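Summary of structural features
What follows is the residue order along each chain.
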Amino acid sequence: MNSPGSRPASSPPADPAPVPGAGATLTAGPVGKPPAGRTGTDPLSRLRRLADLRNLSLVGVLAVLVIVGGFTKPDEFLSTDNLQLVLTQASVIGVVTVGMTFVITSGGIDLSVGAMVALASVWATTIATQDYGLGGILLCAVLVGLGCGLVNGVLIAYGGMVPFIATLAMLASARGLALQISDGRTQVVTVNPVLDLGLPDSYVLGIPPLVIIFAAVTVLGWLVLNRTTFGRRTVAIGGNAEAARLAGIDVKRQRLMLYLLSGLCCGVAAFMLVVLTGSGQNTNGNLYELDAIAAAIIGGTLLSGGRGTITGSVLGVLVFTTITNLFALNNLQSDVQQIAKGAIIVAAVLVQKGRSTP
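Residues numbered from 1 in each chain as written. Predicted model: local features only at pLDDT ≥ 70, side-chain atom pairs only at ≥ 80, totals over all residues. Heavy atoms only, no water.

Details of the pattern of salt bridges
Which entries qualify depends on this criterion: Any carboxyl oxygen of Asp or Glu that lies within 4 Å of a side-chain nitrogen of Lys or Arg is treated as forming a salt bridge with it. Put simply, DSSP marks the helices as runs of H or I at least four residues long and the strands as runs of E at least two long, and each gets a number from the N terminus on. A simple rule labels every residue: compare its accessible area, found with a 1.4 Å probe on the protein chains alone, to the largest value its type can have, and call it buried under 20%, exposed over 50%, or partly exposed in between.
Under the criterion given, the structure shown has two salt bridges. One salt bridge connects arginine 185 with aspartate 183, and the closest N-O pair in it is separated by 3.6 Å. Notably, a salt bridge pairs glutamate 242 with arginine 245, separated by 2.5 Å at the nearest N-O pair. Placement of the pair is glutamate 242 and arginine 245 together in helix α11 (residues 241-246), with a separation of three residues, close to one helical turn. For glutamate 242, a relative accessible area of 43% corresponds to the partly exposed category.

Here it is in structure tokens:
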């Protein structure tokens, strides 16, 4: 017999009490698939759509610039030599921008990229370095860039310094050291294999070698950011560094690696600049930090971190380089060009802020 007040063994369990305000019933769908009616509404899908829209917008801006150049200077702007020049000039700052994109995506900043390019180009073109030929110049430029990136990374990741201050100090130090090494003079390259890379005879199917290097760096950067654990950790740190640390990511080591990557890109860009100009100068890389940050921002990399796009950054580089070329062909003053770049940066940041506001 059942005791008083007990439920019979054969009685089914009582239904749970309804949740107040729950007026809809959720139906579970197949495992791994979103519920019906919710396809494509997750944050990742929205970000992809925004990135595609932004890239299409930049392509449209490029098309408008090409049309403007075709109308204002058709014979000069649309010539093969000028288009090769635009791509070659974009290649140097483009490699720097790839490294900058990683740093900004992680929530950092690097104001020393231009100074690192100058120091690497000067150090790589000293008479002693040129005695080792093309390999010595390339190795020296890369090692100098890595060394500067290492100092930045250690100060920021393990020294606790704010990226703005640490890289600003590197900017001043690297510029000063470049001036001291070169004694303020232009160091002319006399190594023929290096100079030959800038000649039309070295072009591959009409494409300059520097453009090929830029394309290779871009593809590698895209793969690392979008298809590797390193890239996912970079985005995670930029989104929430504390949450990334609690998830098991070594935030300090990741930040060190990111500034090493930025320094590596600057070293490669310095070598490319030596090939392009045939010399090393302490004034090389002037305002590269502005151009790289601007290109990354208008390309869709979030200034506060957590989102980055290599494709957008490359399109941003092409936009700025084409603008510079148009200004030069139309004999417009450089100060107006800098004002235009500043206005584009402000507009891009305001657009990002508007999109991130709920």
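Having seen the structure, we can now continue with the description.
Section: the packing of helix α3 (residues 80-105) against helix α13 (residues 288-299)
This is how the line gets drawn: Only the contacting stretch of a helix is used when fitting its axis, a line to C-alpha atoms as for every element, and angles between N-to-C directions run 0 to 180 degrees. By definition, turning the near helix anticlockwise from the far helix through less than a right angle yields a left-handed crossing, and turning it clockwise yields a right-handed one. Here, residues are in contact when the closest pair of their heavy atoms is within 4.5 Å. Only Asp, Glu, Lys and Arg are considered charged, only Ala, Val, Leu, Ile, Met, Phe, Trp, Tyr, Cys and Pro nonpolar, and every remaining residue, Gly among them, polar.
Between α3 and α13, the shortest axis-to-axis distance is 8 Å and the interhelical angle comes to 65°. As for how α3 packs across α13, the hand of that crossing is right-handed. Together, Val92, Ile93, Val96, Thr97, Met100, Thr101 and Ile104 of α3 and Tyr288, Glu289, Asp291, Ala292, Ile293, Ala295 and Ala296 of α13 make up the contact between the two elements. Taken together, the residues of the contact of α3 with α13 sort by class into ten nonpolar, two polar and two charged.

Description of the UniProt feature "transmembrane region" (unreviewed entry) in the chain
Quick reminder of the rule: UniProt positions are given in the numbering used here, feature names are shortened, and annotations may be inferred rather than shown by experiment.
UniProt tags residues 53-71, 83-104, 134-155, 202-225, 256-276 and 310-329 as "transmembrane region" (unreviewed entry). Note that residues 53-71 is 100% helix and 0% strand, and that its end C-alpha atoms are spaced 27 Å apart. The span residues 83-104 shows a helical share of 100% and a strand share of 0%, and its end C-alpha atoms are spaced 30 Å apart.

Side note on helix α4 (residues 113-124)
Quick note on the threshold: Helices are assigned an expected span. That span is 1.5 Å times one less than the residue count.
Spanning twelve residues, α4 covers 16 Å between terminal C-alpha atoms, matching the ideal 16 Å at 1.5 Å per step. Most of α4 is tucked away, with eleven of its twelve residues classed as buried. Turning to α4, its buried residues are Val113, Gly114, Ala115, Met116, Val117, Ala118, Leu119, Ala120, Ser121, Val122 and Ala124.

So, the packing of aromatic side chains
The line we're drawing: When the centres of two rings from Phe, Tyr and Trp lie within 6.5 Å, Trp using its six-membered ring, the rings pair. Their planes under 30 degrees apart give stacked, over 60 give edge-to-face, and anything left gives tilted.
A complete count under the given rule lists one aromatic pair for this structure. On the numbers, 6.4 Å between centres and 50° between planes, the contact of phenylalanine 102 with phenylalanine 230 is tilted. Pair noted here: phenylalanine 102 is in helix α3 and phenylalanine 230 is in helix α10 (residues 229-239), with a separation of 128 residues, a long-range link. Since its relative accessible area comes to 2%, phenylalanine 102 is described here as buried. Overall, the relative accessible area of 22% leaves phenylalanine 230 in the partly exposed class.

Here we look at the confidence of the model for the chain
As a reminder, the rule being used: Known as pLDDT, the predictor's confidence for each residue is given on a scale from 0 to 100.
On average, the chain scores 85 in pLDDT, and the residues at 70 or more come to 83%. In the model, residues 1-40 has pLDDT below 50 throughout and makes seven contacts with residues more than four positions away in sequence or in other chains.

Concerning the side chain of aspartate 291
For aspartate 291, the location among the structural elements is in helix α13. Accessibility expressed as a relative area gives 16% for aspartate 291, which makes it buried. Look past the residues within four positions of aspartate 291 in its chain and what remains in contact with it is Ile93 and Lys341.

Focus: the nonpolar core
To keep it simple, the criterion reads: Residues belong to one nonpolar core when they are buried, are Ala, Val, Leu, Ile, Met, Phe, Trp, Tyr or Cys, and are joined through side-chain atoms within 4.5 Å.
Counting 68 residues, the largest nonpolar core has Val95, Val96, Val117, Ile137, Val194, Tyr288 and Ile293 as the members making the most contacts within it. Excluding residues that lie within four positions of it along the chain, valine 96 makes contacts with Val113, Val117, Cys266, Ala269, Tyr288 and Ala292.

Some words on the layout of surface pockets
What counts, and what does not: Method remark: on a 1 Å grid restricted to protein atoms, a set of points is classed as a cavity if a 1.4 Å probe fits but cannot get out and as a pocket if it is open with protein on both sides within 12 Å along at least five of seven lines; lining residues have an atom within 4 Å of a point. Grid points are joined across faces, edges and corners, and a volume is the space filled by probe spheres set on the points.
Considered as a void within the structure, the second largest pocket measures approximately 500 Å³ in volume. Gln89, Tyr288, Asp291, Thr324 and Lys341 are, among the 19 residues lining the second largest pocket, the residues nearest its centre. Elements that contribute at least two residues to the lining of the second largest pocket include exactly α3, α12 (251-277), α13, α14 (310-329) and α15 (334-356). Taken together, the residues of the lining of the second largest pocket sort by class into ten nonpolar, seven polar and two charged.

Things to note about the packing of α10 against α12
If you want to describe how two helices pack, look at the angle between their axes and the distance between the axes. Selection rule: For classification purposes, angles smaller than 35 degrees are called roughly parallel, those larger than 145 roughly antiparallel, those between 65 and 115 roughly perpendicular, and all remaining angles oblique.
Running from N to C, α10 and α12 cross one another at 110°; their axes reach a closest spacing of 11 Å. Relative to α12, α10 is oriented roughly perpendicular. Judged by residue contacts, Phe230, Arg233, Thr234 and Ile237 of α10 engage Val251, Arg253, Gln254, Arg255, Met257, Leu258 and Leu261 from α12. Here the contact of α10 with α12 is composed, by residue class, of six nonpolar, two polar and three charged.

Description of the environment of valine 92
By secondary structure assignment, the location of valine 92 is in helix α3. A relative accessible area of 1% places valine 92 in the buried class. Each C-alpha atom of the pair valine 92 and phenylalanine 214 lies 7.4 Å from the other, and the pair is 122 residues apart in sequence. Residues contacting valine 92, with those up to four places away along its chain left out, are Ala269, Met272, Leu273, Leu276 and Tyr288.

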